[in-house]
Amino acid sequence: MRFCLLLFLIALAAAVSLAACGGQVMPGPEFLDTWGETGKGPGQLFQPTGIVVSKEGTVFVADTGNNRIQAFTSDGQFLWQFGRAGEAAGEFRRPMDLDLDGDGLLYVAEMGGDRVQIFTPKGELVRTIRGDDTPAGSFDGAAGVLAAPNGDIYVADFYNDRVVRFSPSGAYHSVLGKPGRVLPGRLHYPTDVAWRGGEIVVADAYNNRVQVFTPQGESVARWGGPLGSGLPGSGSGSFRVATGVAIDAAERTYVADFQNHRIQVFDDRGTFLTSFGSQGREPGQFERPTDLDFDSDGRIYVVDFGNNRIQVFAPIPARQR
């Protein structure tokens, strides 16, 4: 009887959620440009995954299938590259997510290498974090990384179903989340971490949802599916693998909705605002987007994983009150 009641409540919540979302609250962004082509040469891409844009406008891309990092101008002109396949310092096994700290150092979460390597923008290795001093031992799939404004470092530890917090020196501090499904604070293969006004926003990828934590690890919000349960779906506010999260200047949360081939946008309370993209190869369409970031003017850069390219969109204006 209780199980039937639970199913009824979930179905009711889903119906209410869909009705509340309805159509888009605000228009999606204008498509501006696309660049990149499939290959191994300079400026070419193969299964790109992560992206970050510097204050100066340099676009860094984790060229995952080629096991390297590439740097581009904002219009896609190749600048430089570093890294190659391998396990030695400065080499990569599936680099995934990227971030920049306040000093301009580039953080690379290395999925296959189970580590985060930190470089100068030109590729000189500064140090490495492996998480050896954490309660569960070293990383098992370092999928996402956040260099927080206060200097702390957060790593989405994919197969360990957790986010690990480190001090600015790289010393272990604490763990956010526990393995599990549905319940608040439970994570299943998290892939990305973002900072939003002192809170930690996590792409709880295979729970098909986004979760928000305090830096101390308290789960304070979640969305994706009815009541944030992570029930997969294609309606507004639901996900089929939420791989990337990014926060714009208006503190709106953008989510790469991988298997729905779109980007969804939410306000600071998790209310759906708009989405853009559909499956395809035409400009403005995606084949499994994985990550995104913004330049200083608010333009949106999206990693179009399956199409081996980067797509650029105009900023979404501030919501009219």
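Summary of the structure given here. Within every chain, residues take consecutive numbers counted from 1 along the sequence as written. For a predicted model such as this one, the threshold for reporting local features is a pLDDT of at least 70, and the threshold for listing and counting side-chain atom pairs is 80 or more; totals across whole chains, interfaces and linings nevertheless cover every residue. Excluded from the side-chain calculations are hydrogens and water; all other atoms, namely the structure's heavy atoms, are used.

1. Focus: the sheet that holds strand E9 (residues 125-129)
Applicable threshold: Strand pairing is assigned whenever DSSP identifies at least 2 bridges connecting the two strands. Note on conventions: DSSP H or I runs of at least 4 residues are helices, E runs of at least 2 residues are strands, and numbering of each starts at the N terminus. Note on definitions: angles span 0 to 180 degrees between N-to-C directions of axes, and those axes are lines fitted to C-alpha atoms, for helices only across the stretch in contact.
The 4 strands are arranged E6-E7-E8-E9 in an open sheet whose pairing can be described as antiparallel. Looking at strand neighbours, the two that pair on one side only are strand E6 (95-100) and E9, the edges of this open sheet. Within the sheet, the average angular offset between the axes of one strand and its neighbour, ignoring direction, is 20°. Bridge count for E6 against strand E7 (residues 106-110) is 4 bridges, and the pairing is antiparallel.

2. Brief notes about the layout of surface pockets
Convention followed: With a 1 Å grid laid over protein atoms only, a set of points is called a cavity when a 1.4 Å probe fits there but cannot get out and a pocket when it is open yet has protein on both sides within 12 Å along at least five of seven lines; lining residues have an atom within 4 Å of a point. Grid points are joined across faces, edges and corners, and a volume is the space filled by probe spheres set on the points. Any residue that is not Ala, Val, Leu, Ile, Met, Phe, Trp, Tyr, Cys, Pro, Asp, Glu, Lys or Arg is counted as polar, Gly included; the first ten are nonpolar and the last four charged.
What the largest pocket holds in volume is close to 1,200 Å³. Only strand E2 (50-53), E6, strand E10 (142-147), strand E16 (192-196), strand E20 (242-247) and strand E24 (289-294) provide two or more residues apiece to the lining of the largest pocket. Here the lining of the largest pocket is composed, by residue class, of 29 nonpolar, 7 polar and 14 charged.

3. So, the packing of aromatic side chains
The description of an aromatic ring pair rests on the distance of the ring centres and on the angle between the ring planes. Formally: For Phe, Tyr and Trp, where Trp contributes only its six-membered ring, two rings pair if their centres lie within 6.5 Å, and the inter-plane angle classes them as stacked under 30 degrees, edge-to-face over 60, or tilted in between. Partly exposed describes any residue whose relative accessible area lies between the buried limit of under 20% and the exposed limit of over 50%, with all areas from a 1.4 Å probe on protein chains only and scaled to the type maximum. The criterion for a charge sitting over a ring is simple: Lys NZ or Arg CZ within 6 Å of the ring centre, and within 35 degrees of the ring normal.
A complete count under the given rule lists 21 aromatic pairs for this structure. The interplanar angle of 70° and the centroid separation of 4.9 Å between the aromatic rings of tyrosine 254 and phenylalanine 294 together place this pair among those described as edge-to-face. With tyrosine 254 in strand E21 (residues 253-257) and phenylalanine 294 in strand E24, the pair connects residues that are 40 residues apart, well separated along the chain. Pair check on accessibility: tyrosine 254 and phenylalanine 294 agree, each one buried. Ring plane angle 75° and centroid distance 6.1 Å describe the contact between phenylalanine 266 and phenylalanine 272, whose orientation is recorded as edge-to-face. The class for phenylalanine 272 is buried, based on a relative accessible area of 5%. Among the aromatic residues, those joined into a ring-pair cluster are Phe31, Phe276, Phe286 and Phe313. Here the basic side chain of lysine 122 rests over the ring of tryptophan 80, its NZ or CZ set 4.6 Å away from the ring centre.

4. Some thoughts on the environment of glutamate 251
Here is the rule: The contact rule is simple, with two residues in contact once any of their heavy atoms fall within 4.5 Å.
Position of glutamate 251 relative to the elements: it lies in the loop between E20 and E21. C-alpha of glutamate 251 to C-alpha of valine 108: the two residues are 143 residues apart in sequence and 24 Å apart in space. Look past the residues within four positions of glutamate 251 in its chain and what remains in contact with it is Arg196, Gly197, Asp267 and Asp268.

5. Focus on the pattern of salt bridges
Spelled out, the test is: Between Lys or Arg on one side and Asp or Glu on the other, a salt bridge is scored when a side-chain nitrogen of the former is within 4 Å of a carboxyl oxygen of the latter.
By the definition in use, this model includes 16 salt bridges. Here glutamate 87 makes a salt bridge to arginine 93, at a shortest N to O gap of 3.4 Å. On the accessibility criterion, glutamate 87 (58% relative accessible area) is exposed. Its relative accessible area of 38% is what places arginine 93 among the partly exposed residues. Salt-bridge contacts for aspartate 267 lead to arginine 269; the nearest nitrogen and oxygen are separated by 3.2 Å. Three or more residues joined by partner-sharing salt bridges are found here, namely Asp267, Asp268 and Arg269.

6. Section: the sheet that holds E20
Pairing between the strands of a sheet is mediated by backbone hydrogen bonds and can be parallel or antiparallel. Sheet architecture is open: 4 strands sit in the order E20-E21-E22-E23, paired in antiparallel fashion. If you trace the sheet from one side to the other, it starts and ends with E20 and strand E23 (272-276), each paired once. Averaged over all pairs of adjacent strands, the angle between strand axes in this sheet comes to 20°, irrespective of strand direction. Pairing between E21 and strand E22 (residues 262-266): 5 bridges, direction antiparallel. In the sheet register, alanine 256 faces E22, and the bridge partner there is isoleucine 263.

7. Examining the side chain of aspartate 157
Rules: In protein, a polar contact requires one atom able to donate a hydrogen and another able to accept it; more generally it is a pair of N or O atoms within 3.5 Å, and residues adjacent in sequence count only if both atoms are side-chain atoms.
As for its placement among the helices and strands, aspartate 157 is situated in strand E11 (residues 153-157). A distance of 2.8 Å separates a polar atom in the side chain of aspartate 157 from the backbone nitrogen of aspartate 140. The contacts of aspartate 157, once residues within four sequence positions are left out, are Ser138, Phe139, Asp140, Gly141, Arg162, Val164 and Pro190.

8. Side note on unusual backbone geometry
Located in the positive-phi region is aspartate 161, a residue other than glycine, with phi close to 55°. Within the secondary structure, aspartate 161 is located in the loop between E11 and strand E12 (162-166).

9. Examining the environment of arginine 252
One can find arginine 252 in the loop between E20 and E21. Residue classification places arginine 252 among the buried residues on the basis of a relative accessible area of 8%. At 2.7 Å, the side chain of arginine 252 forms a polar contact with the side chain of aspartate 248. Engagement of the side chain of arginine 252 in a polar contact is seen with the backbone oxygen of isoleucine 316, the distance being 2.8 Å.

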